Amino acid sequence: MKSVVFRSMLASTALTAVLFSAIPQAAAADPNIGILIYKYDDTYISTVRNALDKALTAKAAKFTMQDGKGDQATQNDQLDVMIARQMNGLVVNMVDAQAAQGVVNKIKAAGVPVVFFNREPSADVIKSYDKAIFVGTNAADAGKMQGDIIKKLWDEHPEYDVNKDGKFQYVLFKGEPDNPEAIARSEWSVKQAEINGVKMEQIGQTFVANWDTAQAQAAMESALAANAGKIELVIANNDSMAMGAIAALSSIGYNLEGGNKFMPVVGVDATEQAVDAIKRGIMSATVKQDGEAMGNAVSAVILNAVAGKPWLEGTDYKFDDSGIAVRIPYSPYLGEKK
Ligand code: CA
């Protein structure tokens, strides 16, 4: 009812056009942006953070960044502080995307625009607040690109079919059990390889290694011990876990620079470490998630919102079919040939 009254009040004014478009209604003000990061200790997120820092600094925008340290309760407390400090724009990289409704409710009560990025809340949650959007990737695309890479490796390297049974025996490292990116990458990497005509066979269970190098290394060591000679391929949801698998392989004489034993390993992110590993010939390929492009996009849209402008004004970004999400594309990365 309130909005009807508001509309009629403004119906004859020049503000009508502004009111009826999906524009954040914050009054223009000097930006003072609160940024909540799920955890600093994540290679890809560090790239995004650096880009965000650089882009906001270049625009002389004031901002505060906090490390959620992988704990949602910590992040909730940090949010409360940012709201109490009357930040006029918020950027949130959820620790637990499932907890996003509570976060949106608090921000909605404060009335400030919010950009979620990377770890994706459900569309319903974003749509529950007209000053919320999401900037991320299309999670299935990263998996599909891994599946295309697997097909290429299979075709170009008959020797990877170690037991010559016409199937690619693989182990899979998943980031987290319920994370939408992890689920989509895990599903689509294998599915796309199969769509491409490669017969895939999983060895052992799916290893949930929490995007973490050390956890992946420990899991890979057990997998290698339990399935000696049976594994032909490693698929990892991110490069940090791929690096862990490579560390485990190196301890049994595989994937050493200049060595003669090699198992193909495919990751996601194109972190510096992975790009270097591909160059050195100890990793096959990755999928580039452009952290710098992500950081620049988040900076551009939150600054627009704080200035009371449409989210995407003056940018080349477009909303996807949901109307509330901007997708930064992935690209396959196979390195430069030696
Ligand atoms: Ca085989």
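Residues numbered from 1 in each chain as written. Predicted model: local features only at pLDDT ≥ 70, side-chain atom pairs only at ≥ 80, totals over all residues. Heavy atoms only, no water.

Caption draft 1: Expanded view of the environment of Ser251. Within the fold, Ser251 resides in the loop between α10 (239-250) and β10 (265-266). Taking the C-alpha atoms as reference points, Ser251 and Glu221, separated by 30 residues in sequence, lie 8.6 Å from one another. Of the polar contacts made by the side chain of Ser251, one reaches the backbone oxygen of Ala248; its length is 2.6 Å. (Helix = DSSP H or I, 4+ residues; strand = E, 2+ residues; numbered from the N terminus. Polar contact = N/O pair within 3.5 Å; in protein donor to acceptor, adjacent residues only side chain to side chain.)

Caption draft 2: Molecular detail of the coordination of the calcium ion. Surrounding the calcium ion are the protein donor atoms Asp161 (OD), Asn163 (OD1), Asp165 (OD), Lys167 (O), Gln169 (OE1), Glu232 (OE) and Glu232 (OE), which sit 2.2 to 2.5 Å from the metal. Sequence spacing of the donor residues for the calcium ion, all on one chain, is D-x1-N-x1-D-x1-K-x1-Q-x62-E. Looking at Lys167, the relative accessible area reads 33%, which means it is partly exposed. (Donors = N, O, S within 2.8 Å, 3.2 Å for Na, K, Ca; no water. Buried < 20%, exposed > 50% of the residue type's maximum accessible area, 1.4 Å probe, protein only.)

Caption draft 3: Geometry of the nonpolar core. Ranked by internal contacts, the top residues of the largest apolar core, which has 59 residues, are Phe117, Val135, Phe173, Met220 and Met283. No other element matches helix α12 (residues 291-306), which puts 8 residues into this core. Taken together, domain 1 (13-136 + 290-332) and domain 2 (139-288) each give at least three residues to this core, which thus spans both. Every residue in contact with Val135, bar those within four places of it in the chain, is listed here: Val115, Phe116, Phe117, Asn118, Met294, Ala297, Val298, Val301, Val326 and Ile328. (Core = buried A, V, L, I, M, F, W, Y, C linked by side-chain atoms within 4.5 Å. Domains from an automatic or database assignment. Contact = heavy atoms within 4.5 Å.)

Caption draft 4: View of the sheet that holds strand β1 (residues 32-37). Strand order in this open sheet of 6 strands is β2-β1-β3-β4-β5-β12, and the pairing throughout is parallel. This sheet does not close on itself; its edge strands, each paired only once, are β2 (62-67) and β12 (325-327). Across the sheet, the mean angle separating the axes of adjacent strands is 15° when strand polarity is ignored. Two elements, β1 and strand β3 (residues 89-92), share 4 bridges in a ladder whose sense is parallel. Bridge pairing in β3 links Leu36 to Val92. (Pairing = 2+ DSSP bridges. Axes fitted to C-alpha atoms, helices over the stretch in contact; angles between N-to-C directions.)

Caption draft 5: Highlighting the packing of helix α7 (residues 139-156) against helix α8 (residues 180-195). At a minimum axis separation of 7 Å, α7 and α8 run at an interaxial angle of 30°. With respect to α8, the element α7 is oriented roughly parallel. Here α7 and α8 pass one another in a crossing that is right-handed. Two secondary-structure elements touch here, α7 through Ala139, Ala140, Ala142, Gly143, Lys144, Gln146, Gly147, Asp148 and Ile150 and α8 through Pro180, Glu181, Ala184, Arg185, Trp188, Ser189, Gln192 and Ala193. Of the residues contributing to the contact of α7 with α8, the split by class is 8 nonpolar, 5 polar and 4 charged. (Parallel < 35°, antiparallel > 145°, perpendicular 65-115°, else oblique. Left-handed = near helix turned anticlockwise from the far one by under 90°. Nonpolar A, V, L, I, M, F, W, Y, C, P; charged D, E, K, R; others polar.)

Caption draft 6: The arrangement of empty space enclosed by the protein in detail. In this structure the tally under the stated criterion is 1 cavity of 30 Å³ or more. Computed from the structure, the largest cavity encloses a volume of approximately 140 Å³. Those elements that provide at least two residues to the lining of the largest cavity are α3 (43-58) and α8. Of the residues belonging to the lining of the largest cavity, the class tally is 4 nonpolar, 4 polar and 5 charged. Both domains that furnish three or more residues to the lining of the largest cavity are identified here as domain 1 (13-136 + 290-332) and domain 2 (139-288). (1 Å grid on protein atoms, 1.4 Å probe; cavity = no way out; pocket = protein on both sides within 12 Å on 5 of 7 lines; lining within 4 Å. Points joined across faces, edges and corners; volume = space filled by probe spheres on them.)

Caption draft 7: Broad picture of the domain arrangement of the protein chain. The assigned domain composition of the protein chain is domain 1 (13-136 + 290-332) and domain 2 (139-288). The gap between the C-alpha centroids of domain 1 and domain 2 is 32 Å. Facing the 12 residues of domain 1 at the interface are 18 residues of domain 2. The junction of domain 1 with domain 2 conceals about 1200 Å² of combined surface from both sides, 50% of it contributed by carbon and sulfur atoms. Where domain 1 meets domain 2, there are 1 salt bridge. Salt-bridge contacts for Glu176 lead to Arg119; the nearest nitrogen and oxygen are separated by 3.2 Å. Those elements giving two or more residues to the side of domain 1 that touches domain 2 turn out to be α3 and β13 (330-333). Per element, the largest residue contribution to the side of domain 1 that touches domain 2 is 3 residues, and it comes from β13. Among the residues forming the side of domain 1 that touches domain 2, the class breakdown is 5 nonpolar, 4 polar and 3 charged. (Buried area = accessible area lost by both parts, 1.4 Å probe. Salt bridge = Lys/Arg side-chain N within 4 Å of Asp/Glu carboxyl O.)

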